[in-house]
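# Examining the three-dimensional arrangement
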Amino acid sequence: MSLSCSHPALGPLSVSLQYSPVRSTYFAKVILLGFRLITGCLLLFLSFGCQNLPVGQLSLLRSSIKEVNATDSVDQISESPLVPAVVPDSSVLEGRWRYENAWPEPFEGPGAILELAQVPQFRWHFERPETVQNERAHNPATTNETEDLPTVYSRIEKPTRQQLAEWWTLSAFDDASGRNACILLAYHAPDKLDASRLDRLARITRDEINLNPQDLNTAEFVSVEPETFWNRFWSARNNPANEEQLPEETVEKTASLESEKPVEKISIQQRAAAAEAWCYVVYNQNEVAEKKYREPGQTLQDEDLPDLVRQELMIGIAREIPPRKIPGLSESLTRNSNPATQQLMQIAVMDACLVYAIHHREQITQNWDVTSKPITMEVAASDPAGLWPVTLWEQRWDDSPEMVIRFGQWLSLIRHPLAESYLTQKLSHVDIKVKQASLCSLGLLPEKSANTFLTSRLEQEQGQNKALVLLALSYQNPEIMERSVHDEDRSVRLEVAKFAGEHPSRTSLTTLLKLVKERDPEIQQAAVEAVKNWDKELAFPVLAAGFHLGMFQTRQQARESLEQHFHIVIAGIEDSQEQRRQILDQIQSEHLPEISWNETPVFHADASRLQPEEDVYAQQTRVRSQLNQLLDEELSRIEKQEIEQDLQRTAERSPVVLNRELDRLATKELKPLAIKLSKLPCRGCEPFENLDSDQLLQRRRAARQFVEIATQETLPEWTIRLLGEQLKNEQDPHVCRAILASISNDTTPQSRHVAEIALLHPWADVRILGCQYVQKHRLPQLAPLLIPLLQERNQAVQVAAIRAAGFCRNPIVIDGLSTSETSSLPSGLRLLLGTVPGHIELEVLLALARLDDSQGKSELIKLAYSPDGERRREVVTRISELDDREFSEPLIRLGWTETDPQVQRVILEGLNRIIPEAEQPDLSKASNYDERMKVWSVWLEQSKSNK
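Residues numbered from 1 in each chain as written. Predicted model: local features only at pLDDT ≥ 70, side-chain atom pairs only at ≥ 80, totals over all residues. Heavy atoms only, no water.

With an unreviewed UniProt entry as reference, the protein chain is termed HEAT repeat protein, source organism Rubinisphaera italica.

## Things to note about the overall build of the protein chain
A count of helices and strands for the protein chain gives 50 helices and five strands. Of the contacts formed within the protein chain by residues at least 6 apart in sequence, a portion of 64% connects residues at least 24 apart. Accessible area of the protein chain: about 47,800 Å², with a carbon and sulfur share of 50%. (Helix = DSSP H or I, 4+ residues; strand = E, 2+ residues; numbered from the N terminus. Contact = heavy atoms within 4.5 Å. Areas by Shrake-Rupley, 256 points an atom, 1.4 Å probe, with all protein chains shown as cover.)

## Observations concerning the environment of Val492
Here Val492 lies in helix α25 (residues 490-502). Linking Val492 and Lys466, residues 26 residues apart in sequence, is a C-alpha distance of 6.7 Å. Those residues in contact with Val492 that lie beyond four places of it in its chain are Gly463, Lys466, Ala467, Leu470, Ser484 and Asp487.

## A short note on helix α35 (residues 667-677)
Considered for burial, the residues of α35 that qualify are Leu670, Leu673, Ala674, Lys676 and Leu677. Each buried residue of α35 sits inside an arc of 155° when the element is viewed along its axis, so together they form one side. (Buried < 20%, exposed > 50% of the residue type's maximum accessible area, 1.4 Å probe, protein only. Arc of directions from axis to C-beta.)

## Quick word on the packing of helix α37 (residues 696-710) against helix α39 (residues 733-742)
With their axes 8 Å apart at the nearest point, α37 and α39 run at an angle of 15° to one another. Between α37 and α39, the interaxial angle falls into the category roughly parallel. The way α37 lies across α39 gives a crossing that is left-handed. In this structure, α37 contributes Arg699, Arg700, Ala703, Arg704, Phe706, Val707 and Ala710 to the contact, and α39 contributes His734, Val735, Ala738, Ala741 and Ser742. (Axes fitted to C-alpha atoms, helices over the stretch in contact; angles between N-to-C directions. Parallel < 35°, antiparallel > 145°, perpendicular 65-115°, else oblique. Left-handed = near helix turned anticlockwise from the far one by under 90°.)

## Topic: the nonpolar core
Core analysis: the largest hydrophobic core is formed by 133 residues, its most contacted members being Leu201, Trp388, Trp410, Leu512 and Leu562. In terms of residue count, the dominant contributor to this core is helix α17 (residues 339-359) (twelve residues). Core analysis: the next-biggest nonpolar cluster, separate from the first, contains 72 residues, Phe688, Ala702, Leu740 and Leu782 among them. (Core = buried A, V, L, I, M, F, W, Y, C linked by side-chain atoms within 4.5 Å.)

## Observations regarding helix α34 (residues 655-664)
Every buried residue belonging to α34 is among Val657, Leu658, Glu661 and Leu662, and all of these are buried. In an axial view of α34, the angular spread of the buried residues amounts to 130°, which keeps them on one side of the axis.

## A few points about the pairing of strand β4 (residues 124-129)
In terms of residue burial, β4 counts as a mostly covered element, since six of its six residues are buried. Of the two faces of β4, the one lined by Trp124, Phe126 and Arg128 and the one lined by His125, Glu127 and Pro129 are each fully buried. Pairing between strand β3 (residues 96-99) and β4: four bridges, direction antiparallel. Its bridge partner lying in β4, Trp97 is registered against Phe126. (Pairing = 2+ DSSP bridges.)

## So, a negative patch on the surface
Taken together, Glu105, Glu108, Glu115, Glu502 and Glu917 make up a surface patch of like negative charges. Assignment of secondary structure puts Glu108 in the loop between β3 and β4. (Patch = residues over 30% accessible without salt bridge, like charges linked within 9 Å, V, L, I, M, F, W, Y side chains within 5 Å. Salt bridge = Lys/Arg side-chain N within 4 Å of Asp/Glu carboxyl O. Lys, Arg positive; Asp, Glu negative; His and termini not counted. Charge placed at Lys NZ, Arg CZ, Asp CG, Glu CD.)

## Notes on the sheet that holds strand β5 (residues 153-155)
Reading across from one edge, β3-β4-β5 is the order of the three strands in this open sheet, with antiparallel pairing throughout. Either end of the sheet is taken by a strand with one partner, and the two such strands are β3 and β5. Each strand axis lies, on average, 45° off the axis of its neighbour in the sheet, ignoring direction. Along the sheet face, helix α7 (residues 176-188) touches β3 and β4 and points at about 45° away from the line of β3.

Structure, rendered in structure tokens:
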């Protein structure tokens, strides 16, 4: 007799009662048959409603199925005989498999694609439903009400050891949940998979289900030979010896029940995920590649294999097998007649080529003929090692974004000599993503020409594209990102913060300290976020600076990070600056007594900090006396030598003490003293010996020495004061440029004073450099000095002053100051409208827009409707540089009526820059500019309706 019940996770369950017939007398047979009927009725009554019971409450199964200890690891379970057990209902793996692009985005950097060789990214992810399942668990009676609730899916990223143990047990069941568990095990524990489960992955890929899947879910499992898959899972009831003992009636009833059960189908998505997991497990085996990939290769030869499964097998095998040797891969480029399906297959072939290039980049040696051109290149010359499909080179003419991106990445990975020309050509592609991917791929090329080309693009690109160029250059030269910490473009500084956070070091710490002290809240928060995963010793100075000096949101973010790093709770929400200082002092004294939070740790501790305070005061007094004696002309040569030697030792051991005393001196006393100190082998003093020389080359050399020192540390106050005095009378523009370059990264009062001198300098070139300093640091204090330069006759100075006025964040430059006490005529930016040439008027409008002037913005929008297409393109490009979301609606409306494709292109690029990526509409289905503008128009209307 056989009783059956079903469960949504475990499939059909059967409980069989088997007895051997008694052959002594016919009477015994009658008694036995009656006993069977009574027992069957009792079991039927007891099992009534078993379909509604959770798996763990099936009493008929609990007695005969081994329980799983949730604390057992995968290692412990794999060593024990495989006996399927009843697992908690939470372990039933119901859900769906979703595809996701595994290739890194351009802003992850050129090296991100190479990291896939060590840290694989899977294309298929398993998602479990959350909302509906949780509602039904809390309120089972309202099933009809929960049917209308949206289903929210959650992804399993990092399973626990308990989950792995449950998956191991659940993978014994040959239903949807068991197959999901087997695939997930292959993803997260490939080295623990045994031969039977590896064989199951192959069968899932080939769409092969067990002949009697219900037998794998019965209570009568037997484990005989661990290495034999069928012996692990086949029920004892399927033994031929037992079948002979069953009554004929029972066998017929069981067969009829099994024939009526519907056959469960495997979805194509599940098969594709199994194919990816299968190849990943095979990849981790220590065998010869041709041998271990033989079975996946034979599966590829199945003509009825779905394209989705075929693609995963080709990509998985390509980890170790050259693409040309993979069965059917070359033919897949021309297999399908459907254009849409053929496109997906071509992309999969390119993905396979990329995978092989990533895993064998160092071993690929190509004897390329650099003189050959793509249009005349022969097949033998394009692939001398015979690694790639013969028709792969025909794909270089495919202009679809996905193929262009992948083909360019492939050329850069194999270091093809024609990669640079191909990638530079694709920078003018209609799709902005192609341009960004091409810039990123150029960073992988080691040739100097590629580096030179990217360097030249820095002056042409703005916003995110400029940040991407810097990111590409940083792959070969990481220092270039640190040198861009004061770049005028906010997108660049944000990328610098992100890059510094990904490369923890003392240099990165100095970079982030500079960024966290900016007044831009987004830059501050990016700097604090960058040290989130740093060690607390290295992250503390940045977090302290953000907590002490940052704006409100920055302080909140720094507070949370401090609590996480030091496992403390900081009381209070909004403290005064003095209270925040006390909090930081307490954290330092209790957790990091060796680190001073208000001093940059990259500076070496000098001797003065290690001595008692009275010794420091005594040292300062001695240095002050020695400096006064050094100015005495009647000092003997021996005394002079002793003083110089003592000052030299002080400069080496305690430069802070020496600089502090020099800062106290007046400027007129400093100049003769600096010349005397220049003879000492002291860093920062030597250049003064030649800075006042009559020889032009010596003055230029001395000025360049100050620039070199300034790139490593901030110049002392007394040094900057002397450089400012030198700038007043300097006539050589190269020396003036070097002096301003030495203070370009600092905003100390002394540095601002030098900039004031530059703004009033008689040389036009120097005045331009002063304006650029104000523009770079956005200094509102220097705005009054910019107003006279707005009327400058020299147009180069006038344009520089207008740009600086737009960045200075001081509205006084809009209408200016009165020219005299008796005149009220304005002298600001607004006065220039209608009185200057067109290209200068554009700069004026941009400056007014940056200052949030409504007239400037409206006039700028009007200018975007110029009848000249080139003028419209220029105006739209400059508008996008403002990073002002207020211009998004005018740009969309302009693009709706625009007919010039070049103007449409810059409008789309501007919208891509102005609107955050998370809020942008999906443009993947739009094939041309007009369709993309339609998508943006729909997005605009929806945004208005949601407000």
